[in-house]
Amino acid sequence: MFYSFKGFIPVVDASSFVHPQACITGNVIIGKDCYVGPGAALRGDWGGIILEDGCNVQENCTIHMFPGYTVLLKAGAHIGHGAIIHGAQIGKNCLVGMNAVVMDRAELGDESIVGALSFIKEGVVIPPRSLVVGNPAKVIKEVTDEMLAWKTKGTALYQALPAELHTEAEACEPLRELPANRPKQEILYETWQRFQQE
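Overview of the structure. Because the structure is a prediction, the values reported are computed rather than measured.

Rules used in this analysis
- Residues numbered from 1 in each chain as written.
- Predicted model: local features only at pLDDT ≥ 70, side-chain atom pairs only at ≥ 80, totals over all residues.
- Heavy atoms only, no water.
- Helix = DSSP H or I, 4+ residues; strand = E, 2+ residues; numbered from the N terminus.
- Rg over C-alpha atoms; globule rule 2.2 N^0.38 Å.
- Buried < 20%, exposed > 50% of the residue type's maximum accessible area, 1.4 Å probe, protein only.
- Areas by Shrake-Rupley, 256 points an atom, 1.4 Å probe, with all protein chains shown as cover.
- Lys, Arg positive; Asp, Glu negative; His and termini not counted.
- Charge placed at Lys NZ, Arg CZ, Asp CG, Glu CD.
- Phe/Tyr/Trp six-rings, centres within 6.5 Å; stacked < 30°, edge-to-face > 60°.
- Lys NZ or Arg CZ within 6 Å of the ring centre and 35° of its normal.

Let us look at the overall build of the chain. Scanning the chain for helices and strands turns up two helices and 20 strands. For a compact globule of 198 residues, the expected C-alpha radius of gyration is about 16 Å, and the chain comes in at 17 Å, within 12% of that figure. Counting only C-alpha atoms and orienting by the principal axes, one finds that the chain spans roughly 55 × 45 × 25 Å. Buried residues in the chain amount to 42% of all 198 residues. In the form shown here, the chain has an accessible surface area of approximately 11100 Å², with 57% of it arising from carbon and sulfur atoms. One way to put it: in the chain the 16 positive side-chain charges average out to a point 5 Å from where the 22 negative ones average out.

See the structure below:
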């Protein structure tokens, strides 16, 4: 669902996929190869929201801000299921884990990883390549090359998903029984298997 607000109409690159059950309002700009899942709410009603190329905002995430602020997700930012980003800046190729909260004026340095359920307080500046966990969140170590490679491959899967959804997903009615010719589940993770081999 898209809503204009006070003359601001969301802008979404044609290569990106925003689920019809996401809600995108006002001053929101979504770059190339981005994914926004169902239940996500991006409210650009009091400020701006920018998703640079290759970002994903997964199911039931909320992105909002206090009046006058812009939330920036730099290229390749990966926002896990149920996370909240409120008035913060998320660096390039970062991962914010499931149900984590990043508060106003916080800045997450490039290539950092925030653990699931972590809480980053208002105004905290996290250095690049930091592993951040806890409530309140603390830097516990530097992100290793192996951790960053794992994160980058996971994000690449989400960057490939919009094109697949544009060609393969369509609204339907459920079946009432299993058909004899139901595809094998392995077809659903062919892309992941290909990335693992690269």
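And the narrative resumes.
In this structure the tally under the stated criterion is two aromatic pairs. Taking 6.5 Å as the distance between ring centres and 10° as the angle between the ring planes, the aromatic pair formed by F17 and Y35 counts as stacked. Within this pair, whereas F17 is found in strand β3 (residues 17-18), its partner Y35 is found in strand β5 (residues 35-36), the two being separated by 18 residues in sequence. The buried category is assigned to F17, whose relative accessible area is 12%. Where Y35 meets Y158, the ring centres are 5.6 Å apart and the plane angle is 45°; that geometry is what we call tilted. Residue Y35 is located in strand β5, and its partner Y158 is located in helix α1 (residues 145-168); the two are separated by 123 residues in the primary sequence. In this structure Y35 comes out as buried when scored by relative accessible area, which is 5%. Pairwise contacts between aromatic rings join F17, Y35 and Y158 into one cluster. R43 extends its terminal NZ or CZ atom over the ring of W46, reaching a point 5.5 Å from the ring centre.

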